Amino acid sequence: MDFTSNKRPESMARINTPELAQAFIDEAVEAMRAQVGDGKVLLALSGGVDSSVVAALLIKAIGKQLVCVHVNHGLMRKGESEQVIDVFRNQMGAELIYVDAVDRFLDLLAGEADPEAKRHIIGEEFIKVFAEEATKLDGIKFLGQGTIYPDILESEAGVKAHHNVGGLPEELDFELVEPVKLLFKDEVRVVGEALGLPTNMVYRQPFPGPGLGVRCTGAITRDRLEALREADAIVREEIDAAGLDIWQYFCVVPDYRATGVRDGKRAFEWPCIIRCINTVDVMTAEVPELDWALLKRMTSRILDEVPGICRVCYELSPKPIATVEWE
């Protein structure tokens, strides 16, 4: 397999078994060792499946020559940063730099209600934080990225650029290491399983780049963001426990309030919207019919366990007209 090419060979077999995954891992490890030599690789590790699989491959190939940077911007789902640290630093022995940038991001986002402005702030600040960490390190010659084949295809079609970390300062002149760039998402997951990554990391749901920032609609406040994080964790826990095969499920907590009654007193708190979709290509999406008992259980837990939420709704809007995310 030619790891320098951006063209997937037509003869390449789909990686759908542990045996094929192991054969790919062996080949990728050999190629990365040849490319990197005794150099160091820097990798932005979000905890998503693509960057996680690349990190696991690089650890296997070059060990401590890999430096991972995990930036916590305060918009992660509950427990995600902790899992990244546990899996990669504690279990796999990775050289992992954890950057607590929660205040930095949330202070910049304070008062900003426009969705596109929020996305711009989050993306631009992430690049700044990552670049700052990169300049602190000596001997970094390579940049690891979780580029996958659909990214390349979309880039060639003019849909989007495929480099996951774009806009880095010119003085950070890194050579790219992209071991899974000829794989499709389902193949990346099979490789991740073969590498021993946790199932809930390998099969992590799609998560927008701005994180919970586009599910805490309007101007983000810390208390509403925390309510969203807790409600989202309950929904994910209950649907996982029910064993349902749903493509994506999450919560939205919008920036307006509704009247309720709590402990005999008026409550003026937020609604929580549960969003579930099934899709093949994300161009269209349908809403699954959930069991009534499951909906009631999620509602009861959110209202009982999450301060600040007084209503729970289940969204029925398909795509089109509605997009998957609210912002």
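Here the structure is a predicted model, which is why all the values come from computation and not from measurement. (Residues numbered from 1 in each chain as written. Predicted model: local features only at pLDDT ≥ 70, side-chain atom pairs only at ≥ 80, totals over all residues. Heavy atoms only, no water.)

**Focus on the overall build of the protein**
Counting secondary structure elements, the protein contains ten helices and nine strands. The C-alpha radius of gyration of the protein comes to 21 Å, within 12% of the 20 Å expected for a compact globule of 327 residues. Along the longest, intermediate and shortest principal axes, the C-alpha atoms of the protein span 70 × 40 × 40 Å. Burial status across the protein gives 51% buried among its 327 residues. In the protein, 75% of the contacts between residues at least 6 apart in sequence involve partners at least 24 apart. A total accessible area of about 15,700 Å² is found for the protein, and carbon and sulfur atoms account for 51% of it. Treating the 36 positive side-chain charges of the protein as one cloud and the 54 negative ones as another, the clouds have centres 4 Å apart. (Helix = DSSP H or I, 4+ residues; strand = E, 2+ residues; numbered from the N terminus. Rg over C-alpha atoms; globule rule 2.2 N^0.38 Å. Buried < 20%, exposed > 50% of the residue type's maximum accessible area, 1.4 Å probe, protein only. Contact = heavy atoms within 4.5 Å. Areas by Shrake-Rupley, 256 points an atom, 1.4 Å probe, with all protein chains shown as cover. Lys, Arg positive; Asp, Glu negative; His and termini not counted. Charge placed at Lys NZ, Arg CZ, Asp CG, Glu CD.)

**What to know about the pairing of strand S6 (residues 248–252)**
For S6, a buried count of five out of five residues is recorded, marking the element as mostly surrounded by other parts of the structure. Here S6 shows no split at all, with Gln248, Phe250 and Val252 on one side and Tyr249 and Cys251 on the other all buried.

**Section: unusual backbone geometry**
Omega for the bond connecting lysine 319 with proline 320 falls within 30 degrees of zero, at -10°, which places this linkage in the cis form. With respect to the helices, strands and loops of the structure, proline 320 is situated in the segment after strand S9 (309–314). The omega torsion across proline 320 and isoleucine 321 is 15°, close enough to zero to call that bond cis. Position of isoleucine 321 among the secondary structure elements: in the segment after S9. Positioned with a positive phi, aspartate 263 is a non-glycine residue whose angle comes to about 55°. Tracing the sequence through the fold places aspartate 263 in the loop between strand S7 (258–262) and strand S8 (265–277). Taking relative accessible area as the criterion, aspartate 263 reaches 75% and is therefore assigned exposed.

**A closer look at the packing of aromatic side chains**
By convention here, two paired aromatic rings are described through the distance between centres and the angle between planes. If you walk through the whole model with that rule in mind, you get three aromatic pairs. Summarising the aromatic geometry, the rings of phenylalanine 3 and phenylalanine 24 are spaced 5.9 Å apart at their centres and angled 45° between planes, so their arrangement reads as tilted. Of this pair, phenylalanine 3 sits in the segment before helix H1 (18–36) while phenylalanine 24 is found in helix H1, placing the two residues 21 residues apart along the sequence. Per residue, the accessibility class of phenylalanine 3 equals that of phenylalanine 24, and both read buried. Ring centres of phenylalanine 126 and phenylalanine 130 lie 6.3 Å apart, and the angle between their planes is 10°; this geometry places the pair in the stacked category. Of the two residues, phenylalanine 126 and phenylalanine 130 are both situated in helix H5 (residues 115–135); the distance of four residues between them amounts to about one turn of the helix. The ring of phenylalanine 207 has arginine 77 lying over it, and the distance from NZ or CZ to the ring centre is 4.1 Å. The ring of phenylalanine 250 is capped by arginine 215, whose NZ or CZ atom sits 3.8 Å from the centre of that ring. (Phe/Tyr/Trp six-rings, centres within 6.5 Å; stacked < 30°, edge-to-face > 60°. Lys NZ or Arg CZ within 6 Å of the ring centre and 35° of its normal.)

**Describing the sheet that holds strand S1 (residues 40–44)**
Sheets are built from strands that pair by backbone hydrogen bonding, the pairs being arranged parallel or antiparallel. In spatial order, the strands read S3-S2-S1-S4-S5; together these five strands make up an open sheet with parallel pairing. Of all strands in the sheet, those with a lone pairing partner are strand S3 (95–100) and strand S5 (175–177), marking the two edges. On average, each strand axis in the sheet is inclined to that of its neighbour by 30°, with strand direction left out of account. Bridge count between S1 and strand S2 (residues 66–72): four bridges; the pairing is parallel. (Pairing = 2+ DSSP bridges. Axes fitted to C-alpha atoms, helices over the stretch in contact; angles between N-to-C directions.)

**Re the confidence of the model for the protein**
Looking at the protein as a whole, the pLDDT averages 92, with 95% of positions reaching at least 70. Counting interchain partners and residues more than four positions distant, the pLDDT-below-50 stretch residues 159–166 has 23 contacts. (pLDDT = per-residue confidence, 0-100.)

**Comments concerning the packing of H1 against helix H7 (residues 185–194)**
Where H1 meets H7, the axes come as close as 9 Å, and the angle between the chain directions of the two elements is 85°. Relative to H7, the element H1 lies roughly perpendicular. On the side of H1, the interface is formed by Ala21, Phe24 and Ile25, while H7 contributes Val190, Val191 and Ala194. Considered class by class, the residues forming the contact of H1 with H7 number six nonpolar, no polar and no charged. (Parallel < 35°, antiparallel > 145°, perpendicular 65-115°, else oblique. Nonpolar A, V, L, I, M, F, W, Y, C, P; charged D, E, K, R; others polar.)

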